[in-house]
Amino acid sequence: MNLKEEFTFLHNLGLNVTLFGKDHKKCHRGSGDRNVFVVISRSDGDKLHYRNTLPEEDRNRLKNWIRCGDPTGLTAEWREVHVGHSKWKAYLAGESQEIDCSGVMDEMFVDDGGNKYTYAYTGEPKWIKITHPEDQIRLSEHPGKLNNEAKAFSIPSGLTTAEEEVYNQAGKANYGKAPGVVVITDLAKDYDDLAAMVVLKELHRLGFVHLEAFIANLEPSRKRAIYGRVNLDSLGLQDVPIGVGTKASTKKHEEYGYEFDSSIMPDEKTFQPNKDNFFEDGFELLDLVFNRAIKEDRKVHLLLISSLTDIAEYTDTEDRLKTFQKAVGRVYMQGGYSAGGIPTPRDDAANNTFDMPAAERFHPRLENIPSDVYTKVAAYATNIPASIFNDLGDTKHAIGKDLQNRYQRQGIQFYKTACGPKPVNGITQEKFLHNLSSFYEKHPPGKQTSEKGTPLPEDGTPLPDPNTDEIIPYLTKGLMYDALPALASGGDNLFDILGVLDTESMANQTSIHKVIGTPKQDDLPANPNIHSERMAFVISTILKGGLYDSVQNSSGLQLE
């Protein structure tokens, strides 16, 4: 048995490998008489069993390392695995999803005057001294329930001291049970959809949310679902299913060249879906998740960061509307509404205007369900330096490279569209240069205008030509619209301790429906309702940490 091949096999299934042993110094010297204990866990809450859905050959191979299938009624055991000259034992959990070391105390632990300890290794440069494997591995028994006694809150390598402090602060949040989260998104349309997925992955790993499903909408929705599937897999989220949504627009969507230009995007025609984690009918997946939550007497949270067509059509029928109302406990959105009583959708929010009739039907159905909407006012204020995309590329994760390449290509295309005869969502050339670039910061506008009415710079600098790459030097702002509500889904306690919301500016919002990024009203100026620099820094940190963690938890990379 080749150890590196085995660990790569496990990693490709979305499994985490953690090594334990008291003879860690012998491990470094390559001694053959060492005892090494291995605990294989799933990334979705670090469960200690694997669903029995693999081909028989792979399943027999997997059974050496982790309990396969339903563990109900089974007793835990440490099974010997023959690998090279070492003595390896893999933990096969029983019905109780915990790590029982009672049978291997003498072999695994050092007894120092009655104080017992061992060492753990997950890919960091050094082995970590611990008192029990569960100090290192967070365990959860079922979706929505966390082990509140778990002590580990691992911080990926590669972050600055200030970024590490974000993780330290998050670790102090009293988050209790992690709510199940369902995401409806138009993946690949913009870079912020993928960024939101990375933020959610890290919140999922840290125990603030439990990702239950993604729905990819906007034509070509199946292609977007495939794109989402391979990216979820690359983040170790093979157990999180994704479904194909609707075309999600009353107008035909123009697919741009950058949208699916990714190194891990497979050919749509040859893609072979796994029926366990890829649903051709997104409504079928919503039925599954919502009804499961109702059966388990818990609520899920809904994250809506694209057109509202899917959730509107799903709740158009009386039976499914009742299911939605019973299953959903809170809704986070990127968009815009007026929140005086029943939410009323605004016509200046892109996710509403994709399908305004759907937005108008759905918003009243939120009447008794708490909701938080993050508007473009908050997104514009969260001025993340474009250098973040180079930082993400430096993580060496495929998603980091994708985001790095996508940022410039998307900016060039958006500027060209803004300068054209049909600007999207009211983003004209002037608005693009003000809000989505630093052009007017470097060349302040004067009183003269172009033929199209765009202000010309006082210093005489010509406006960037939309038919060339002249806009690139001014693409210095990273706008992460969808990342804001994605981060918010981690819960109020997390937001409070991270200090990203300006709660004083929201004191007059007493409804269960909150608007973060209140637009200009009468004589009142727009208010982002956030601490802009802090929000930008936290999102940047979670993005970097999420990708670094995925790279560093690759078993193949650990061995190298």
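Within any chain, residue numbers begin from 1 and follow the written order of that chain's sequence. Since the coordinates come from a predicted model, pLDDT governs what is reported: local features require at least 70, and pairs of side-chain atoms require 80 or more to be given and counted, while whole-chain, interface and lining totals use all residues. Heavy atoms throughout the structure, all of them, feed into the side-chain values; hydrogens and water do not.

Observations regarding the overall build of the protein
Heads up, the condition is: Helix numbers and strand numbers start at the N terminus; a helix is a DSSP run of H or I with at least 4 residues, a strand a run of E with at least 2. Burial classes: relative accessible area under 20% of the type maximum marks a residue as buried, over 50% as exposed, and values in between as partly exposed (1.4 Å probe, protein chains only). What makes two residues a contact is simply this: any of their non-hydrogen atoms within 4.5 Å. Values of accessible area rely on a 1.4 Å probe in the Shrake-Rupley scheme; residue burial ignores everything except the protein chains shown.
The helix and strand tally for the protein stands at 21 helices and 23 strands. By the burial criterion, 55% of the 560 residues in the protein qualify as buried. Sequence-distant contacts, at least 24 apart, represent 72% of the contacts inside the protein between residues at least 6 apart. When the accessible surface of the protein is summed, it comes to about 24,500 Å², and 47% of that surface belongs to carbon and sulfur atoms.

As for the environment of alanine 90
Within the secondary structure, alanine 90 is located in strand E6 (residues 86-92). Exposure remark for alanine 90: the relative accessible area of 0% places this residue in the buried category.

Digging into the nonpolar core
This is how it is decided: In these notes, a set of buried Ala, Val, Leu, Ile, Met, Phe, Trp, Tyr and Cys residues joined through side-chain atoms within 4.5 Å is what counts as a nonpolar core.
By size, the foremost hydrophobic cluster in this structure holds 85 residues, and its most contacted members are Leu211 and Phe214. In terms of residue count, the dominant contributor to this core is helix H6 (residues 191-206) (10 residues). Dropping the residues within four chain positions of it, leucine 211 is found in contact with Val181, Val183, Leu200, Lys201, His204, Leu237 and Val240. Counting residues in hydrophobic clusters, the runner-up holds 31 residues, among them Ala213, Ile215, Phe324 and Ile369.

With respect to the sheet that holds strand E18 (residues 371-374)
To keep it simple, the criterion reads: Any two strands with at least two DSSP-identified bridges between them are counted as paired. Structural elements are reduced to axes, namely lines fitted to C-alpha atoms, with helices fitted over the stretch in contact, and the angle between N-to-C directions of any two is expressed from 0 to 180 degrees.
What the eight strands build is an open sheet, ordered E13-E12-E11-E10-E14-E15-E18-E23; its pairing is parallel. At either margin of the open sheet sits one strand with a lone partner, and together these are strand E13 (278-279) and strand E23 (513-516). Relative to strand E11 (residues 210-216), strand E10 (residues 180-185) is paired through six bridges, and the arrangement is parallel. Opposite threonine 185, over in E11, you have alanine 216 as the bridge partner. On top of the sheet, H6 reaches E10, E11 and strand E14 (300-305); it is set at about 160° to E11, its chief contact. Against the sheet, helix H10 (residues 318-327) engages E14 and strand E15 (328-334), with an angle of about 95° to E15.

Some remarks on the packing of aromatic side chains
Keep this limit in mind: Between the rings of Phe, Tyr and Trp (Trp by its six-membered ring), a pair exists once the centres lie within 6.5 Å; its type follows the angle of the planes, with under 30 degrees stacked, over 60 edge-to-face, and the other angles tilted. Criterion for a charge above a ring: Lys NZ or Arg CZ within 6 Å of the ring centre, and within 35 degrees of the ring normal.
The final tally for this structure, using the stated rule, is 17 aromatic pairs. Between phenylalanine 389 and tyrosine 407, the ring centres sit 4.3 Å apart and the planes meet at 15°, which makes this aromatic pair stacked. One end of the pair, phenylalanine 389, is in helix H14 (residues 387-394); the other, tyrosine 407, is in helix H15 (residues 398-419), and 18 residues separate them in sequence. Both residues of the pair, phenylalanine 389 and tyrosine 407, belong to the buried class. In this structure, lysine 129 is placed above the aromatic ring of tyrosine 117, and the distance from its NZ or CZ to the ring centre is 4.0 Å.

A short note on the packing of helix H5 (residues 161-170) against helix H20 (residues 532-552)
Let me state the cut-off plainly: Any angle between 65 and 115 degrees counts as roughly perpendicular, while under 35 counts as roughly parallel, over 145 as roughly antiparallel, and the rest as oblique. Under the scheme applied, nonpolar residues are Ala, Val, Leu, Ile, Met, Phe, Trp, Tyr, Cys and Pro; charged residues are Asp, Glu, Lys and Arg; polar residues are all the others, including Gly.
It is the contact of H5 with H20, at a shortest axis distance of 10 Å, that shows an interaxial angle of 90°. Taken together, H5 and H20 sit at an angle that is classed as roughly perpendicular. Residue-level contacts link Ala162, Glu163, Val166, Tyr167 and Gln169 of H5 to Arg534, Phe537, Val538, Thr541, Ile542, Lys544, Gly545 and Gly546 of H20. Per-class residue counts for the contact of H5 with H20 are six nonpolar, four polar and three charged.

Section: helix H8 (residues 282-295)
Convention followed: Take the residue count of a helix, subtract one, and multiply by 1.5 Å to get its expected span. Taken from the helix axis, the directions to the C-beta atoms give the arc we talk about. The term polar contact refers here to a pair of N or O atoms within 3.5 Å; inside protein, the definition further demands a hydrogen-donor-capable atom paired with an acceptor-capable atom, and it admits residues adjacent in sequence only when both atoms are side-chain atoms.
In this model H8 runs 20 Å from its N-terminal to its C-terminal C-alpha over 14 residues, within 8% of the 20 Å that 1.5 Å per residue would give. Three or more residues of H8 are buried, namely Gly282, Phe283, Leu285, Leu286, Val289, Phe290 and Ala293. Seen from one end, H8 has its buried residues packed into an arc of 155°, which puts them on one side. You can read the cap of H8 off the contacts: a side-chain oxygen lies 3.0 Å from the backbone nitrogen of phenylalanine 283, and it is on aspartate 281. Aspartate 297 occupies a position one or two residues after H8 and carries a positive phi of about 55°.

What to know about unusual backbone geometry
Here the amide bond leading from glutamate 219 into proline 220 is cis, since omega sits at 0°, within 30 degrees of zero. Tracing the backbone shows proline 220 in the loop between E11 and helix H7 (221-234). Of note, the phi angle at aspartate 522 is positive, near 50°, even though the residue is not glycine. With respect to the element layout, aspartate 522 can be found in the loop between E23 and H20.

Focus on H7
With 14 residues, H7 ought to run about 20 Å at 1.5 Å a step, and its terminal C-alpha atoms sit 20 Å apart, in line with that. The element H7 is extensively covered by neighbouring structure, given that 10 of its 14 residues are classed as buried. Three or more residues of H7 are buried, namely Ser221, Arg224, Ala225, Ile226, Tyr227, Gly228, Arg229, Val230, Asn231 and Leu232. Looking one or two places after H7, you find glycine 236, whose phi comes out positive at around 80°.

Points about the pairing of E10
Note on strand geometry: in a regular strand, side chains alternate between the two faces of the sheet. Where we set the bar: By the criterion used throughout, a crossover qualifies as right-handed when its path from the first strand across the helix to the second strand runs clockwise, the strands pointing away from the viewer.
The element E10 is largely enclosed, with a buried count of six among its six residues. Residues Gly180, Val182 and Ile184 of E10 are buried on one face, and the alternating residues Val181, Val183 and Thr185, pointing to the opposite face, are buried as well. Each parallel crossover has a hand, and the one from E10 via H6 to E11 is right-handed. Two elements, E10 and E14, share six bridges in a ladder whose sense is parallel. From the neighbouring strand, isoleucine 184 faces E14, where its bridge partner is leucine 304.

Focus on the environment of lysine 129
Mapped onto the fold, lysine 129 is located in strand E9 (residues 128-130). We classify lysine 129 as exposed; its relative accessible area is 53%. For lysine 129 and threonine 118, which are 11 residues apart along the polypeptide, the C-alpha to C-alpha distance reads 5.9 Å. Not counting residues up to four positions away in its chain, the partners in contact with lysine 129 are Tyr117, Thr118 and Tyr119.

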